[in-house]
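Tertiary structure, described
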Amino acid sequence: MKPDPASAACTIVPAEPADLPAILQLQYRAYLSEAELVGNPHIPPLQETLADLEQALQGGVFLKAVDGAGVLVGSVRGVVADGTLHVGKLMVEPACQGHGIGSRLLAAIEVHCPQPRYELFTSDKSVRNLALYKRMGYVCCRERQVSPGLRFIYLEKTGKE
């Protein structure tokens, strides 16, 4: 079944080990545009394996968004360290982007893992991601040059514990 791109109606719940193969496939689809933006088809999200996701699930939290038909349309994950939730791999099915699912996933992981601080990062070329994060209350806290022509922007948000 294909996701319904016209509907932002989705349910966000914790992901389970059985969801990981579908999350990995979504990750490949969702990060292709990021790879094109930065001009590198070998970015880490496109190199992850199912074993990598299984290991990440053991040490963190994964949430998934499913549409009314139960089709996976988004996911986000996080790891808590020293009072900070490090948010990563916020992704939405490409056909469903622009309908608020990413915002809902980000808000949901903050509620699911309340911490004094949240942090995430994206490429300086990811204008849409940066705009979303800023709308959600994140502010730039540092930058890191990863390679010639590629800079990561780290953003943080203080929360309530």
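Residues numbered from 1 in each chain as written. Predicted model: local features only at pLDDT ≥ 70, side-chain atom pairs only at ≥ 80, totals over all residues. Heavy atoms only, no water.

Once that is clear, we can look at the environment of R135. Turning to its location among the elements, R135 is positioned in helix α5 (residues 127–135). Residue R135 is classed as exposed on the basis of its relative accessible area of 61%. In sequence terms R135 and S103 are 32 residues apart; their C-alpha atoms lie 8.9 Å from each other. (Helix = DSSP H or I, 4+ residues; strand = E, 2+ residues; numbered from the N terminus. Buried < 20%, exposed > 50% of the residue type's maximum accessible area, 1.4 Å probe, protein only.)

Structural remark: α-helix, 3.6 residues per turn; residues separated by three or four positions point the same way. Taking 1.5 Å as the rise per residue, helix α4 (residues 101–112) with 12 residues should run 16 Å; its terminal C-alpha atoms sit 16 Å apart, in good agreement. Taken together, the buried positions of α4 are I101, G102, L105, L106, A108, I109 and E110. (Expected span 1.5 Å × (residues − 1).)

Another point: the sheet that holds strand β7 (residues 150–158). Reading across the sheet, the seven strands line up as β1-β2-β3-β4-β5-β7-β6 and stay open at both edges, with mixed pairing between neighbours. Edge positions in the sheet fall to β1 (10–14) and β6 (139–147), since each has one partner strand and no second. Averaged over all pairs of adjacent strands, the angle between their axes in this sheet comes to 25 degrees, without regard to strand direction. One ladder, built from seven bridges, connects strand β5 (residues 117–123) with β7; its direction is antiparallel. Among the inter-strand pairings, F121 is bridged to a residue of β7, identified as Y154. The strands that helix α1 (residues 20–38) touches are β2 (61–67), β3 (72–81), β4 (84–92), β5 and β7; relative to β4, the one it contacts most, it runs at about 85 degrees. (Pairing = 2+ DSSP bridges. Axes fitted to C-alpha atoms, helices over the stretch in contact; angles between N-to-C directions. Contact = heavy atoms within 4.5 Å.)

Let us now look at the environment of A35. Position of A35 relative to the elements: it lies in helix α1. A relative accessible area of 6% means that A35 is categorised as buried. Residues A35 and L46, 11 residues apart in the sequence, show an inter-C-alpha distance of 8.3 Å. Leave out the neighbours within four places in its chain, and A35 touches N40, P41, I43 and L46.

Inspection of the entire model under this criterion finds three aromatic pairs. With centroids separated by 5.1 Å and ring planes inclined at 35 degrees, the aromatic side chains of F121 and Y154 adopt a geometry described as tilted. With F121 in strand β5 and Y154 in strand β7, this pair connects stretches of sequence that are 33 residues apart. For F121, a relative accessible area of 42% translates into the label partly exposed. An aromatic cluster of three or more residues is present, and its members are F121, F152 and Y154. (Phe/Tyr/Trp six-rings, centres within 6.5 Å; stacked < 30°, edge-to-face > 60°.)

Now for the pattern of salt bridges. Across all of its chains, the model carries nine salt bridges by this definition. Put simply, D19 and K64 hold a salt bridge, and the shortest N to O gap is 3.0 Å. Of this pair, D19 sits in the loop between β1 and α1 while K64 is found in strand β2, placing the two residues 45 residues apart along the sequence. Taken as a pair, D19 and K64 share a single burial class, namely buried. With a closest N to O distance of 3.4 Å, E48 and R77 form a salt bridge. Residue E48 is found in the loop between α2 (44–47) and α3 (50–59), and its partner R77 is found in strand β3; the two are separated by 29 residues along the sequence. On the basis of relative accessible area, E48 is assigned to the buried category, the value being 14%. (Salt bridge = Lys/Arg side-chain N within 4 Å of Asp/Glu carboxyl O.)

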